[in-house]
Amino acid sequence: MIIKVSRKTSSQYGNKIVNAFDYVLPDLDSSLVYAELSGEHGEIKTAKRSRIYYILEGEGQFVTNEDKIFVEKDDVIVVPPNTSYNYKAINSILKILLFMELFYVKKSKKK
């Protein structure tokens, strides 16, 4: 089965640094997020699955306790499960696609 989601059904969120659209893919228990960053995202932590970032445009840096990695257009970054990290734009807007687990917790079905 082919799944289609559109900007009309996505959830927009953000602040002064991040403008993002969350495209929920419930059949895959995942989200695809398009985001534009103009500064530092702030520290976050992956859950049980890796997060995969594709850099669409701009330059940035991903930082963990062990690594500082420079990124630019067409790079792919994979952040392993249970990893604290931060990322930021450098000198411009950083545009990314992020494939990750769903933001919300699934509700159990009542019997």
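Because the structure is predicted, anything quoted here is derived from the model rather than measured. Along each chain, numbering runs from 1 in the same order as the chain's sequence is written. With the structure being a predicted model, the display of local features is reserved for residues of pLDDT at least 70 and the display and counting of side-chain atom pairs for 80 or more, all residues being used for whole-chain, interface and lining totals. In computing side-chain properties, one takes all heavy atoms of the structure into account and sets aside hydrogens as well as water.

J.: Is there a simple way to think about the sheet that holds strand β9 (residues 84-89) in this case?
T.: Backbone hydrogen bonds hold the strands of a sheet together, and the pairing may be parallel or antiparallel. The 4 strands lie next to each other as β4-β9-β6-β7, forming an open sheet whose pairing is antiparallel. In this open sheet, the two strands that pair with only one neighbour each are β4 (44-45) and β7 (68-72). Strands were regarded as paired on the criterion that DSSP finds at least two bridges between them. Helix and strand assignments come from DSSP, with helices taken as H or I runs of at least 4 residues and strands as E runs of at least 2, each series counted from the N terminus. The pairing of strand β6 (residues 59-63) with β7 spans 5 bridges and is classified as antiparallel. What sits directly across from Glu59, in β7, is Glu72.

J.: When you look at the pairing of strand β2 (residues 18-25) in this model, what are you seeing that I'm missing?
T.: Along any regular strand, the residues point their side chains to alternate faces of the sheet. In this scheme, a residue with accessible area under 20% of its type's maximum is buried, one over 50% is exposed, and one in between is partly exposed, where area comes from a 1.4 Å probe on protein chains only. Within β2, 6 of the 8 residues are buried, which leaves it mostly tucked inside the rest of the structure. Strand direction decides the pairing type here: strand β1 (residues 11-14) and β2, joined by 4 bridges, are antiparallel. Opposite Gln12, over in β2, you have Phe21 as the bridge partner. The hairpin turn running from β1 into β2, its antiparallel successor, is 3 residues long. The loop that links β2 with its antiparallel partner strand β3 (residues 30-37) comprises 4 residues; one of these, Asp29, has a positive phi angle of about 55°.

J.: Honestly, the pattern of salt bridges in this entry has me stumped. Any pointers?
T.: Opposite charge on two side chains lets them pair, provided their charged atoms get close. Throughout this description, the term salt bridge denotes a Lys or Arg side-chain nitrogen within 4 Å of a carboxyl oxygen of Asp or Glu. For the structure shown, the criterion picks out 1 salt bridge. Across the pair Glu57 and Lys95 runs a salt bridge whose closest N-O atoms are separated by 3.8 Å. Residue Glu57 is found in strand β5 (residues 51-57), and its partner Lys95 is found in strand β10 (residues 94-101); the two are separated by 38 residues along the sequence. Overall, Glu57 belongs to the partly exposed group, its relative accessible area being 40%. Using a relative accessible area of 22% as the deciding quantity, one classes Lys95 as partly exposed.

J.: Looking at this structure, I do not really get the nonpolar core. What am I missing?
T.: When a protein is soluble and globular, its nonpolar side chains tend to lie buried together. Counting 18 residues, the largest nonpolar core has Leu37, Tyr53, Phe62, Tyr87 and Ile96 as its most contacted members. For this core, the elements supplying multiple residues, two or more each, are β2, β3, β5, β8 (76-79), β9 and β10. We define the nonpolar core as a collection of buried residues of types Ala, Val, Leu, Ile, Met, Phe, Trp, Tyr and Cys that are connected through side-chain atoms lying within 4.5 Å of one another.

J.: Could you clarify how one ought to interpret unusual backbone geometry in this entry?
T.: For residues that are not glycine, phi is negative in most cases, and the peptide bond is trans in most cases. Even without being a glycine, Asp74 presents a positive backbone phi close to 75°. Considering the arrangement of structural elements, one finds Asp74 in the loop between β7 and β8. At Asn82, a residue that is not glycine, the phi angle is positive and equals roughly 55°. Following the sequence through the fold, Asn82 ends up in the loop between β8 and β9. What makes Asn82 exposed here is its relative accessible area of 54%.

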